[in-house]
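The primary structure of each chain is shown beneath.
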Amino acid sequence: MYDTAGSDVGCVSVPLWGLNMKVFMLGWEFPPFISGGLGTACYGLTKAMSKLGVEVIFALPKSIDEAYSTHVKLLSPNSLAWRPRMNLGVEIIEGQERTDVVYDRLRNVQFHEIESMLEPYNRPEHYIERFEDYIRQKRLSRSKDGDILSDFDDFGDYSNDSDSGDYCGNMFQEIHRYAGSAVRLAVHEDFDVIHAHDWMTYPAGIAIAAVTGKPLVVHVHSTEFDRSGEHVNQVIYDIERKGMHSADKVITVSHLTRNIVISRYGVIGEKCEVVYNGVELNSNGPQSINRTGIRSNEKIVLFLGRITMQKGPEYFLQAAKRVLGEMDNVKFVMAGSGDMMNSIIEMAAGMGIGDKVLFTGFLRGKDVQRVYEMADLYVMPSVSEPFGIAPLEALNHDVPVLISNQSGVAEVLTHALKVDFWDVDEMANKILAVLKYPPLQMTLREHGNFEVRKLRWEDAAENCAKIYGDVMMRTIPAY
Amino acid sequence: MPSVCFYFQVHQPFRLRHYTVFDKSDSYFDKIKNHQICRKVADKCYLPANRLLLDTIKRFGGEFKVSYSITGTLMEQFHKYCPEVMSTFDALAETGCVEFLAETYYHSLSFLYSRSEFVDQVFKHVDMTQKLFGQKPRVFRNTELIYNNDLANTIEAMGQFDAIIIEGADKILWGRSPNFLYQPPNSKHVKLLLKNYLLSDDIAFRFSNRSWKEYPLFADKFARWINRINGNGNVVNLFMDYETFGEHQWEDTGIFDFIRELPGQILQNPDNNFLTPSEVIDRYDAVDTVDVPHTISWADAERDLTAWLGNAMQSNALHAVYRIEGMIKEARDERLIKDWRKLQTSDHFYYMCTKYFTDGDVHKYFSPYDSPYDSYINYMNVLSSLEKRCSALESDDELEVADTAVAV
């Protein structure tokens, strides 16, 4: 269909998609500020775009949570207000080891941070808690300073909001303040297209599109229905809906999500394009070969992800219980944190399998690598997973995967075991098969690792660039 | 010359039902699905094709001939689900223009894993054919035309057969024509009929392929290709799955019209005729030997074993099923042995094939599973249940022995 669009314009010849394109991208998180797949996706996508020659200006709300700043430093950390464009150099400190990450391939990407407490996957209630924590800390550390909120003034004031006393206490107002700030950043920039990732950035995207007249592409990595089931937050739903309807194109990460966008948000099908995520290839491949020698006779089944309703942790436990009824030398590792963590720990104890289920908390970097190297099987029992990059990473680490049919990644993986998330008998049946029959594990690993190499961010970036080209041509006024 | 020799493979496996590791039942086969498929294929293929061939044989007054091998697993299903199909085969047998060949009763790969089991299954099939059609097969075809020199030796040693049907693979012919009879090295009397895979696959696979440059294929064109062989071959062996007619190639592709027209077109040339495999070996001599040290088959482009034995799962499952042979046979439980033999059917291993799985090709079309992994898991669960049943029987026996000992 792009070809048709291209031939309509006729004289516009773009030899290679991506050349001479400049995109203003609005995100929530970026490595190393990662709490989920979105940051990984933005990283992979922008890296590949940069290779393709697409210039990216990346705006993201920089979290002010102190816990992050101990792990990570950004250049010019003392600059709180709008930073002039800068080339990214990020230092990551992991444990005792200090690695200088040279973002060579990101040379076409510029980063702008907007101070904000926006964090992906947060619920409004959590936001208020966090905000109160923040105020409390500020009070303790700077009790002399009467005006706590002076800190926030530097963030770029959102002057339309007269009641400056509490606007930061409301996540939705924060989103709008982020939007206002992003507009102010955008007017000083020159770009062709706006690309907004997920709902928190949609208002900013809409505002920038309104002010600059540039086409807007929204990228749906997840919808409110995925996160909350049927108990949707109406305000978030409205923001999502408005973003999708205001956009010139809606990119979804799977057909599963595309169907939700069409059926639940009333977006017309022609406007929706599926762009599958990719995966960064594991560079330390050979390492994993010698792991077999160091393994004890205990098998490890891994759940890696946020412990929250959307990810189906309770189905994992129910399956674990059934597996343990047949086989004793298995440990179930749940790596991640989330709002259901406590209830899941209690549930495991209540089921009498507390000693067989290990909780590691949120893992990063090398620890993720380590846990993959230990695992015999990765299970993603998601209730609703728009895509799901984690299984690709597991395959990339030579770990076979069992994924729910209710995930977008099930559309692209053939060399994976699949199950309906509610079918815990079948889930246990498949887990047991992998643990009992080494040839199954071997075949899955062999083919899966090969298959995952075909899912490249370069293809995702190319598809996005085609979509940019499409919306750009449509907005070229006819002469 | 040349003679045209048709041979059709007629087979359906006993498909397994969904069987998890938690299942305790000893019923492994999906009765509903097997019934449905048997019914469907009977309606689309077996019944109309049998009727058509019966008519054609009558129309040509004995000039048109064909041959079949029908597996035991399908015969049992006909008996249960579609007995009327059996009577149409019976009618075909009575024409005198139809020959029935022998194969392993369970369409198994037993030749590769257990010679004694292989011989048992071949005799079981011979017995069935004799009982149902009143013919003692003289020609053998192994499952999926799996063949090597060793098979020829085994078959010759059985003293029952005069010929074997094999794939006319390029890698065994070295540029020679498949349109002659050959013999295995060191063979006293067994002859080999080689499938002309180009002409066979024109019908079986390419017939309805619109991107094939010969599409559409009509009987007159095909007869011209046969005529071209005149003077350069004795027999054109057209071997294919019987399900080609109406199942693989649907009726609306014109496949039935094609086969209805074909005998007339071929017999227009007085040099041509139709022969059954036994008539072929009686009429022609072997012109040369073909040496097949490595195993060949008629599957895929590779013509090797990789469709059933191409990955670790398949190899594991096959070893696992033959590993318990001794234990199963010692248990002397008729049902147990039957279940075990039904698990040997090659289709179970074909479903586990990961070759081309991603491209969604022919392997996927024939599989009742969503993925090769699911089929392996299911198979292994069933096999482990079978093994448990067997061990339970054995321990029962021991108890009985102990009881009698006490009584004595």
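Residues numbered from 1 in each chain as written. Chains lettered and ligands numbered in written order. Predicted model: local features only at pLDDT ≥ 70, side-chain atom pairs only at ≥ 80, totals over all residues. Heavy atoms only, no water.

Turning to the overall build of chain B, a few remarks are in order. Counting its regular elements, chain B contains 18 helices and 10 strands. By the burial criterion, 60% of the 408 residues in chain B qualify as buried. Restricting the contact set of chain B to residue pairs at least 6 apart, pairs at least 24 apart contribute 77%. When the accessible surface of chain B is totalled, it reaches about 16300 Å², and 51% of it is carbon and sulfur. (Helix = DSSP H or I, 4+ residues; strand = E, 2+ residues; numbered from the N terminus. Buried < 20%, exposed > 50% of the residue type's maximum accessible area, 1.4 Å probe, protein only. Contact = heavy atoms within 4.5 Å. Areas by Shrake-Rupley, 256 points an atom, 1.4 Å probe, with all protein chains shown as cover.)

The next thing to look at is helix α16 (residues 438-452) of chain A. If you check α16(A), its first and last C-alpha atoms are 21 Å apart, about what 15 residues at 1.5 Å a residue would give, namely 21 Å. All buried positions along α16(A) are accounted for by A:Pro439, A:Leu440, A:Gln441, A:Thr443, A:Leu444, A:His447, A:Gly448, A:Asn449, A:Glu451 and A:Val452. (Expected span 1.5 Å × (residues − 1).)

This paragraph deals with the pairing of strand β2 (residues 66-70) of chain B. Residues and elements named next belong to chain B. Counting buried residues along β2, five of its five residues qualify, which places the element largely inside the surrounding structure. Of the two faces of β2, the one carrying Val-66, Tyr-68 and Ile-70 and the one carrying Ser-67 and Ser-69 are both buried. As judged from the four bridges shared by strand β1 (residues 3-10) and β2, these two strands associate in the parallel manner. In the strand pairing of β2, Phe-8 is matched with Tyr-68. For the crossover that starts at β1, traverses helix α1 (residues 31-59) and ends in the parallel β2, the hand is right-handed. Note: β2 against strand β3 (residues 98-100), three bridges, orientation parallel. (Pairing = 2+ DSSP bridges. Right-handed = clockwise from strand over helix to strand, strands pointing away.)

All names here are of chain B. Its location among the elements puts Ser-110 in helix α4 (residues 110-113). A polar contact of 2.8 Å, which involves the side chain of Ser-110, links it to the side chain of Ser-108. Contacts of Ser-110, omitting those with residues within four sequence positions, involve Thr-104, Arg-115, Glu-117, Phe-118, Gln-121, Tyr-322 and Gln-344. (Polar contact = N/O pair within 3.5 Å; in protein donor to acceptor, adjacent residues only side chain to side chain.)

With that settled, the discussion passes to the nonpolar core. Residues and elements named next belong to chain A. Core analysis: the biggest nonpolar cluster contains 98 residues, and Leu-26, Trp-199 and Tyr-468 have the highest contact counts within it. For this core, the two domains that each supply at least three residues are domain 1 (2-278 + 457-475) and domain 2 (285-452). Setting aside anything within four residues of it in sequence, one finds Leu-26 in contact with Ala-59, Tyr-178, Ala-182, Ile-194, His-195, Ala-196, His-197, Thr-201, Ala-204, Gly-205 and Ile-208. (Core = buried A, V, L, I, M, F, W, Y, C linked by side-chain atoms within 4.5 Å. Domains from an automatic or database assignment.)

So, on to the packing of helix α11 (residues 313-326) of chain A against helix α12 (residues 341-350) of chain A. Residues and elements named next belong to chain A. Where α11 meets α12, the closest approach of the two axes is 10 Å, and the angle between their N-to-C directions is 15°. As summarised for this structure, α11 and α12 are arranged roughly parallel, according to the angle between their axes. In the crossing of α11 with α12, the sense of the turn from one axis to the other is right-handed. In contact with Pro-313, Glu-314, Leu-317 and Gln-318 of α11, α12 contributes Ile-344, Met-347 and Ala-348. Looking at the contact of α11 with α12, its residues break down into five nonpolar, one polar and one charged. (Axes fitted to C-alpha atoms, helices over the stretch in contact; angles between N-to-C directions. Parallel < 35°, antiparallel > 145°, perpendicular 65-115°, else oblique. Left-handed = near helix turned anticlockwise from the far one by under 90°. Nonpolar A, V, L, I, M, F, W, Y, C, P; charged D, E, K, R; others polar.)

Residues and elements named next belong to chain B. Along the chain, Met-327 turns up in helix α14 (residues 325-331). Through-space distance from the C-alpha of Met-327 to that of Glu-394 is 8.7 Å; in sequence the pair is 67 residues apart. For Met-327, the residues in contact, after removing those within four places along its chain, are Glu-387, Cys-390, Ser-391 and Glu-394.

A few words on the interface of chain B and chain A. Chain B puts 18 residues into the contact, and the matching count from chain A is 23 residues. It is B:Phe22, B:Tyr373 and B:Ile377 in chain B that bury the most area against chain A; as a group they hold 36% of the surface buried on that side. Along the contact surface separating chain B from chain A lie one salt bridge. Residue B:Asp374 pairs with A:Lys430 through a salt bridge whose shortest N-O separation is 3.2 Å. At the junction of chain B and chain A, the tally comes to seven residue pairs in polar contact (both at pLDDT 80 or more). Sorting elements by how many residues they give to the side of chain B that touches chain A places helix α18 (residues 372-407) of chain B first, with seven residues. Looking at side-chain class alone, the side of chain B that touches chain A contains nine nonpolar, eight polar and one charged residues. (Buried area = accessible area lost by both parts, 1.4 Å probe. Salt bridge = Lys/Arg side-chain N within 4 Å of Asp/Glu carboxyl O.)

Function cannot be read off these values alone, since they describe shape.
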